[in-house]
Each structure stands twice: as C-alpha cells, then as structure tokens.
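# Results of the structural survey
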Amino acid sequence: MEWVGGLADLPRLAGGSDVLVIAAPHTAETVGAVDRRVLERLPHQALVVNVSRGSLLDEAALLELLELRRLRGAALDVFATEPLPAGHPFWSHARVLVAPHVSAVSGQFWERETALIVENIRSYLAGAPLTNLVDLEAGY
Amino acid sequence: MSAPPVSRRLVVDLASLRAAWRIPKTSVVQIQNALGAAWDVMEVKAPAVSDGDGGSGSPEAISAARGAEIYLGFGVPSGVAAAAKGTLRWAHSATAGIGASLAHMSGSGVLLTNSAGVHAEPMADWVVAAIGYFTRGLDRMLAAQRQGRWAKEDFTDGAIPMRGRAPRVGTRHEGVGRPAARRTRRPQRCGMGRRVGRPTAPRRRK
C-alpha cells in the first residue's frame, strides 16, 4: 500500500491517479464525496469507475468533464437514479460504459455467501465475534 | 403435562425474483444443519426485493419475523424489524449496502452483519475489465465495428493513444481490512499501482 488517507485526501488521490475507482459505501459522510473539485484534479484523459453508489459521484460534473474531453471515459455500474432514466445523456455517450448495477453478479455468490452465513451462525451460537459486523453509527 | 419446548427461530427471506440472488435449497439445508435440531428455520416463499439495499418486506416475511431470533434477508425491512422487536438478536443482509436499514436498526441492540467481502472479487474483475475497455481502446473498436470500418490506422498512426504502461489506480473505499483489500488486489496483480483507504477498527462483536 502506497499511502492511506481520509476524505480530505481525495483531491490528492485524484491528482496522482490515471483511474479513480469509487468503492466506498453510501454513508452520510460519503454522499457527494467525489465532487467537481475531486474530478477536476484528475489528470488529463483519466478514467472514472464507480461500483459503489451513484450518490457518491457528481454525475453532472463528470458529464461536463467528459464533454470537455478532460476525461477519457467513465465505467459506471451505479447511478443516482436506477434504473438510469430513458434519455439520460449517459445512455448515448460514446465514452461512458453503462452497466445495470451488476458488477457483483457471480456464479459463486451463494457458495461464498452461504460460507459466511454458516461461519457466523457457528460464531453466534458460540458467543464469538461475528464477521462483517456493521457499525450502525458509522453506517457500514 | 409439560409444555412443548419452545424452538428458536431463524427466518430466511431470500427468495429473490432474480436468479443470481435467489437462495438455493442447498444453502438453506446448510443453514439448518449449522443451527441444529433446536432451531426452526422458516423459509419465506414470497418474493424478496434484492435490488439496492432491499425492499419494505412482504406480509409473509413480516409474519414470519414475529418471534424470530435471527433474520436473513436483503437488508432488514422496517416491517420485519418492527415485527421482530424484542426477540431479534441478529440480522444478516445478503447485500453489501445496508443504508436503507440503518434508520430502524440504530439503537435497536440487534447485531447487523452484511456481505461486503462476498462481492469484492467479482466487482474487482469488473473494474479490471472496465479499465481495459478504455485503456486498450475497445470502445473505439466497437464504434468502428458498428460503422463497418476497418480502423487499423486509428490505432497504428497515433490517432487514438494506446496506453503503454499500467495505469495508476486510486481507489476510494472504507477500511483497509480483508474486504477492502480484495477490491484493490486484483488491479495490483495486473500491474496497476497504488491504493488508498481510510483505516477502520476491526468490526467484531464484543
């Protein structure tokens, strides 16, 4: 790992990234986190990939920077409104890859999911710590 | 005459209409086996909403939740949380996102687990594929194909820049533990650089 930072470091991260991958959960803290200021710090011809939630990304600013050819393209699996409304500019944009919120689909999902549930059932019955416990205050 | 033993109940509310997310019978059997004979596993047959963070809960799910100790669903519908109030001890979401459940789960004292790490590997695959789609010009090739155009010059004469080195990938995620690390490990294996995250404490039941 090269370095670790928080939300305030996003512009720094963007400034040194050819590709910005958004994979954070939707929380009160992360909504709108990838805003125009962050997107404008990305190097010329950078890519934006979003597999998180559409609410984290300023879609209007992204579209504008794509139109200005500041950004090379965007691969979006999630959107502020889903399904993506008919006529939305993303549908017909040559440098936007639109995916219908399916990046997590896998033939191995239930194998992995069942293993997690069974592991947690055994922990629960034994009074041991549970894996993937959500911090309800933090929101993830 | 003694009263019949009161069994503990786990509710499985995972009958998604989408085949990829619908729980298979083999998984329900594994869950039953892990719990043992003292538990009643109630499988809700009514469709459950698996899109986003889950739905509002079917009447059948809400009915099954009354008296339940454990609930497995796509998020925790508010109706389910209300019906199981006082008995529910642990709820597990088969989604990674649980934002829609937070309002009625906060302060409930119920343990909530999610499936964040389960989705990490397929999502990482998708991210790598999406990066390659643009950096290797597949989008331009697809456009040329649709036009029936043999666009060799676009790529050999510099009209379309082709990346000659692995891109530096900045990743915004929460946590630097196992699930978060998985999402960035795949791009790194492909020679793509850095990652960044916000450190969090291990999330375990006390």
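Counting from 1, residues in each chain are numbered in the order their sequence is written. Chains carry letters from A onward and ligands carry numbers from 1 onward, assigned in written order. Residue-level local features of this predicted model are given only where pLDDT is at least 70; pairs of side-chain atoms are given and counted only at 80 or more, and the full residue set underlies all totals for whole chains, interfaces and linings.

Take the packing of helix α5 (residues 109–126) of chain A against helix α1 (residues 25–35) of chain B next. Helix packing geometry: the angle between the two helix axes and the distance between the axes. Taken N-terminus to C-terminus, the directions of α5(A) and α1(B) make an angle of 15°; their axes are 9 Å apart at the nearest point. Taken together, the axes of α5(A) and α1(B) lie roughly parallel to each other. With respect to the hand of their crossing, α5(A) and α1(B) are arranged in right-handed fashion. The residues of α1(B) that touch α5(A), namely those facing A:Trp110, A:Thr114, A:Ile117, A:Val118, A:Ile121 and A:Arg122, are B:Ser27, B:Gln30, B:Ile31, B:Ala34 and B:Leu35. Where helices are involved, their axes are fitted lines through C-alpha atoms of the stretch in contact, as for all axes, and angles between N-to-C directions lie from 0 to 180°. By the criteria applied, helices consist of DSSP H or I runs no shorter than four residues and strands consist of E runs no shorter than two, each listed in order from the N terminus. Here roughly perpendicular refers to angles of 65 to 115 degrees, roughly parallel to angles under 35, roughly antiparallel to angles over 145, and oblique to all remaining angles. Crossing handedness: left-handed means the near helix sits turned counterclockwise from the far one by under a right angle, and right-handed means the same turn made clockwise. This entry defines residue contacts through backbone-placed C-beta atoms, with two residues in contact when those atoms are within 7 Å.

Let us now look at the interface of chain B and chain A. Each side of the interface is counted separately: chain B has 56 residues, and chain A has 59 residues. Counting only elements with at least two residues in the side of chain B that touches chain A, the list comes to α1, β4 (90–93), α4 (102–105), β5 (111–113), α5 (120–135), α6 (138–146), β6 (169–174) and β7 (196–198) of chain B. Among the elements that take part in the side of chain B that touches chain A, α5(B) stands out by supplying 8 residues, more than any other.

Okay, the nonpolar core next. What we call a nonpolar core is a set of buried Ala, Val, Leu, Ile, Met, Phe, Trp, Tyr and Cys residues whose membership is set by joining through C-beta atoms within 7 Å. Using C-beta atoms placed from the backbone, we call a residue buried if 20 or more other C-beta atoms fall within 10 Å of its own, exposed if 12 or fewer do, and partly exposed for counts in between. Ranked by size, the top nonpolar core spans 44 residues in total, and within it B:Val11, B:Ala65, B:Ala68, B:Tyr71, B:Leu72 and B:Val80 carry the most contacts. Considering each element in turn, this core owes the most residues, 5 residues, to α5(A). Discounting chain neighbours no more than four positions away, the residues touching B:Val80 are B:Gly57, B:Ala61, B:Ile62, B:Ala65, B:Tyr71 and B:Gly73. A:Ala23, A:Leu42, B:Ala120 and B:Ile131 belong to the second largest nonpolar core, which has 39 residues in total.

What follows covers the pairing of strand β2 (residues 46–50) of chain A. Within a regular strand, the side chains alternate between the two sheet faces. Residues and elements named next belong to chain A. Of all 5 residues in β2, 5 are buried; the element is thus mostly enclosed. Side chains Ala 46, Val 48 and Asn 50 project from β2 onto one buried face, and the interleaved Leu 47 and Val 49 project onto a second face that is buried too. Think of it this way: DSSP has to see at least two bridges between two strands before they count as a pair. In terms of strand pairing, strand β1 (residues 19–22) meets β2 through 4 bridges, oriented parallel. Along β2, the bridge assignment pairs Val 19 with Leu 47. Taken together, β1, helix α2 (residues 36–41) and β2 form a β-α-β motif whose crossover is right-handed. Both β2 and strand β3 (residues 71–76) contribute to a ladder of 5 bridges, which runs parallel. In the strand pairing of β3, Ala 46 is matched with Leu 71. Here the term right-handed applies to a crossover when the path leading from its first strand over the helix to its second strand runs clockwise, the strands being oriented away from the viewer. The handedness of the β2 to β3 crossover, carried by helix α3 (residues 59–67), is right-handed.

The next thing to look at is the domain arrangement of chain A. Residue and element names in this part refer to chain A. Segmentation of chain A into domains returns domain 1 (7–104) and domain 2 (106–140). Delimitation of the domains relies on an automatic or database domain assignment. Centre-to-centre separation of domain 1 and domain 2, based on C-alpha positions: 30 Å. Contact with domain 1, which involves 4 residues of that partner, is made by 4 residues of domain 2. For the side of domain 1 that touches domain 2, the class distribution of residues is 3 nonpolar, 1 polar and no charged. Only Asp, Glu, Lys and Arg are considered charged in this grouping, and only Ala, Val, Leu, Ile, Met, Phe, Trp, Tyr, Cys and Pro are considered nonpolar; every other residue, Gly among them, is considered polar.

Take the sheet that holds β4(B) next. Residues and elements named next belong to chain B. In spatial order, the strands read β2-β1-β3-β4-β5; together these 5 strands make up an open sheet with parallel pairing. If you trace the sheet from one side to the other, it starts and ends with β2 (39–43) and β5, each paired once. Going from strand to strand, the sheet's axes swing by 15° on average, the running direction of each strand aside. Bridge count for strand β1 (residues 8–12) against strand β3 (residues 70–73) is 3 bridges, and the pairing is parallel.

With that settled, the discussion passes to the environment of A:Gly127. All names here are of chain A. One can find Gly 127 in the segment after α5. Judged by the 7 C-beta atoms lying within 10 Å of it, Gly 127 is exposed. With 30 residues separating them in the primary sequence, Gly 127 and Leu 97 have C-alpha atoms 46 Å apart.

Let us look at the confidence of the model for chain B. Residue and element names in this part refer to chain B. Summary of the metric used: pLDDT quantifies the predictor's per-residue confidence within the range 0 to 100. Here chain B averages 84 in pLDDT, and 74% of its residues register 70 or above. Counted against residues more than four places away or in other chains, residues 174–180, with its pLDDT under 50, gives 22 contacts. Throughout residues 199–206 the model reports pLDDT below 50, and contacts reaching past four residues in sequence, or to other chains, amount to 14 contacts. What the predictor reports for the complex is a pTM of 0.84 with an ipTM of 0.93.

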